[in-house]
Amino acid sequence: MKDKGFSGASLAAQAMGWIDPVTRAVVPPIHMASTYQRDEDNGYSSGRIYARADNPTFDQVEATLAALEGGTKALVFSSGMSAASACFLALAPGDHVVVPKVMYWALRNWLATFATHWGLKVDFVDAARTDAIASAVKPGATRLVWLETPANPTWTVSDIAAVARIAHAAGASLAVDSTVATPVLTRPIELGADIVMHSATKYLNGHSDIIAGALIGARDDAHWAKLRGIRSQLGTILGQTEAWLLMRGMRTLFPRVQWACRSAQSLAERFAAHPMVAEVLYPGLSSFAGHDIAARQMKGGFGGMLSVRTKGGERAAIATAARVELWKRATSLGGVESLIEHRASIEGPGTPCPPDLLRLSVGVEDSDDLYADLDQALRRAHNA
C-alpha cells in the first residue's frame, strides 16, 4: 500500500493496508513471546532472537511511523523521555549540544542535571531566534541541535529548515521533537531534520491509555544502529500491548488532529478578545510572534495546543482551573479529552513558564461547550 501513492491519512487509517497473511484479519495480533526459536543449523531465519531487540508487534507501527514522517526507519520506545534521552546518550561525554530554553520540562531538567553531570556540554538558547542558534553552534564541537516546535508550553516556533542548514554546516545533526505538530501538520525530515522524536503518549496514541515514545530516522546508518542498540541495551522497549494500542490510536490520528486544530483556532480567536484574558499564545493567531514561520512549515492547521495568560496573575489562573467542569485538570496533552493545567505549578522553581499561564490541550468535544466552560470559570475566578 505504501508504494501506491496514498495520502498519510489513508496510510494511517488502514495501518499501511496490512492484512494478516494467515487469518486475513485486518487488525494485527499481539505477539506476547519474549524469545524466538533458533533453527536447526543454529541460525535465526526469522531474523528475531529476543524480544528486547524487537517484537513482531512493533513492525506495523514502526513502518507506519516511518511512512508518515517520510523517514527510512522508526523505533518505538517505552516513553517519550526514553526516546529523547537516547538521542543524547548516543553522543559521547564532552560533546556539545544546543537545545531550546523553552521545551518539555522533564527533558530540560534531565539535560541540565543528568546529561550535564554525565559530560555533555549543553547550551540553552532562544530557539525562536535562528541567529541565537547560529551563535551557539560550535563547528566541529557541536554534535546535536535539538528543536521542539511548537515548544511546550508557550508554543514557540522554530524555523526547522534554517536550523537544519546551520547544524549541517557545522557538522552537527538536527533532531526535532514534533510531538505537538505531528506528521499531520509537519514532516521535519522533509525540512532537513535527521531525527524526529515523538512522545507517542500524546497525539499519536490520542487516548490517554499508554506511555510510549518514538524516533524516526532520515537514514538507516551507523548512528541509527547506535540508537537501536541503546534501546536494546537499556531495555527501554515498548510493551507489546502498548505497541498494539499505539497502532490502534494512530488509525484515527488525522481526523483527531484536524478536529483539534479547528477547535483550537476557534478558541484562540475567541479568548484573545476575552476581558479576563491578558494574552493567548497560539501559532495560528496572526499576532503570534512565530505565526509566519508556522504558516510555512505547518500544513493544514496550527495544532491543538494553546495557552492563555489570565488577568489577575497566578491566583486567577489557579482559581480558573479549579472552576472548570468540562475541561479536565490533568497533566498530558493530545488526547480526545480536553485538559487544562497550571503549568508553572508542575514545573516548579526555575521554570521559564509564566505563573499566569494555563496550558490547554483541545480534544474532540464541541468547541462551543469548551469555550462556555472556560468562560464561566474565568468569570467566577475573577469575581471570587
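Please refer to the structure higher up on the page.
Residues numbered from 1 in each chain as written. Predicted model: local features only at pLDDT ≥ 70, side-chain atom pairs only at ≥ 80, totals over all residues. Heavy atoms only, no water.

Asks: Can you tell me about the sheet that holds strand β5 (residues 173-177), naming the residues and giving the values?
Replies: An order of β1-β7-β6-β5-β4-β2-β3 is seen for the seven strands of this open sheet, with the pairing classed as mixed. Among the strands making up the open sheet, the edge pair consists of β1 (73-77) and β3 (121-125). Each neighbouring strand pair of the sheet contributes to a mean axis angle of 20 degrees, computed without reference to strand direction. Where β5 and strand β6 (residues 195-198) come together, three bridges link them in parallel fashion. In the strand pairing of β6, Ala175 is matched with Ile195. (Pairing = 2+ DSSP bridges. Helix = DSSP H or I, 4+ residues; strand = E, 2+ residues; numbered from the N terminus. Axes fitted to C-alpha atoms, helices over the stretch in contact; angles between N-to-C directions.)

Asks: An account of the packing of aromatic side chains is needed here, citing residue identities and associated values.
Replies: Following the criterion strictly, the structure yields four aromatic pairs and no others. Judged by centre distance (5.4 Å) and plane angle (20 degrees), the rings of Trp110 and Phe114 are stacked. Of this pair, Trp110 and Phe114 are both found in helix α4 (residues 105-118), four residues apart, which corresponds to roughly one turn of the helix. Trp110 gets classed as buried once you look at its relative accessible area, which sits at 15%. The class for Phe114 is partly exposed, based on a relative accessible area of 44%. Taken together, Phe88, Trp110, Phe114 and Trp146 form an aromatic cluster joined through their ring pairs. (Phe/Tyr/Trp six-rings, centres within 6.5 Å; stacked < 30°, edge-to-face > 60°. Buried < 20%, exposed > 50% of the residue type's maximum accessible area, 1.4 Å probe, protein only.)

Asks: Could you give an account of the environment of Leu281, naming the residues involved and the relevant values?
Replies: Turning to its location among the elements, Leu281 is positioned in strand β8 (residues 277-281). The class for Leu281 is buried, based on a relative accessible area of 10%. When the C-alpha atoms of Leu281 and Arg359 are compared, they prove to be 9.4 Å apart, with 78 residues separating the residues in sequence. Setting aside residues no more than four positions away along its own chain, Leu281 makes contact with Thr154, Trp155, Phe288, Leu306, Ser307, Arg309 and Leu357. (Contact = heavy atoms within 4.5 Å.)

Asks: Please give an account of the environment of Thr241 that cites residues and values.
Replies: Looking at the secondary structure, you find Thr241 in helix α9 (residues 240-250). For the pair Thr241 and Pro28, spaced 213 residues apart in sequence, the C-alpha separation works out to 11 Å. Not counting chain neighbours up to four residues away, the residues in contact with Thr241 comprise Ile30 and Met32.

Asks: Which residues make up the nonpolar core, and what are the values?
Replies: Leu65, Leu246, Phe271, Val280, Leu306 and Trp327 are the most contacted members of the largest nonpolar core, which totals 72 residues. Among the elements that take part in this core, helix α10 (residues 253-271) stands out by supplying eight residues, more than any other. Residues Leu144, Trp146, Ala175 and Ile195 belong to the second largest nonpolar core, which totals 27 residues. (Core = buried A, V, L, I, M, F, W, Y, C linked by side-chain atoms within 4.5 Å.)

Asks: Provide a residue-level description of the sheet that holds strand β12 (residues 357-361), including the pertinent values.
Replies: Strand pairing within a sheet occurs via backbone hydrogen bonds; the two strands may be parallel or antiparallel. Judged by pairing direction, the sheet is mixed, and its five strands sit side by side in the order β8-β9-β12-β11-β10 without closing on themselves. Looking at the sheet topology across the chains shown, the edges are occupied by β8 and β10 (328-329). Taken together, the four bridges between β8 and strand β9 (residues 305-310) define a ladder with antiparallel strand orientation. Across the sheet, the residue bridging to Glu279 is Arg309, located in β9. Seen against the sheet, helix α12 (residues 313-322) touches β9, β10, β11 (339-342) and β12 and runs at an angle of roughly 150 degrees to β11.

Asks: Please provide a residue-by-residue account of α4, values included.
Replies: Here α4 contains 14 residues, and its C-alpha end-to-end distance of 19 Å stays within 8% of the 20 Å for a straight helix at 1.5 Å per residue. Roughly 40 degrees is the biggest bend found in α4, and it falls at Leu111. Residues Trp105, Leu107, Arg108, Trp110, Leu111 and Ala115 constitute the buried set of α4. Its buried side turned inward, α4 meets α3 (80-89), β2 (96-100), β3, β4 (142-148) and α13 (343-347). Positive backbone phi, at 135 degrees, marks Gly119, one or two positions downstream of α4. (Expected span 1.5 Å × (residues − 1). Bend = angle between axes of the 7 residues up to and from the residue.)

Asks: Could you give an account of unusual backbone geometry, with specific residues and numbers?
Replies: Of the consecutive residues Thr149 and Pro150, the connecting peptide bond is found in the cis state with omega at -15 degrees. Relative to the elements of secondary structure, Pro150 occurs in the loop between β4 and α6 (160-169). Cis geometry marks the peptide bond from Asn152 to Pro153; its omega dihedral reads 5 degrees. For Pro153, the location among the structural elements is in the loop between β4 and α6. Positive phi, close to 70 degrees, is recorded for Met16, a residue that is not glycine. Looking at Met16, the relative accessible area reads 13%, which means it is buried.

Asks: I'd love a proper account of the pairing of β11, names of residues and values included.
Replies: Side-chain alternation along β11 places Leu339 and Glu341 on one buried face and Ile340 and His342 on a second face that is also buried. Bridging between β10 and β11 involves two bridges; their strand directions are parallel. Looking at the pairing, Arg329 lines up with Ile340 of β11. Summarising the sheet, β11 and β12 pair through four bridges and their orientation is antiparallel. Bridging across to β12, Ile340 finds its partner in Leu360.

Asks: Explain the pattern of salt bridges to me, and be specific about the residues and the numbers.
Replies: This model, assessed by the stated rule, comprises 17 salt bridges. Salt bridges linked by common partners bring Glu341, Arg343, Glu347 and Arg359 together as one network. (Salt bridge = Lys/Arg side-chain N within 4 Å of Asp/Glu carboxyl O.)

Asks: So what's going on with the environment of Ala141? Which residues, and what values?
Replies: If you trace the backbone, Ala141 turns up in the loop between α5 (130-136) and β4. Separated by 77 residues in sequence, Ala141 and Thr64 have C-alpha atoms that sit 35 Å apart. With near-sequence residues (within four places) excluded, Ala141 lies in contact with Asp95 and His96.

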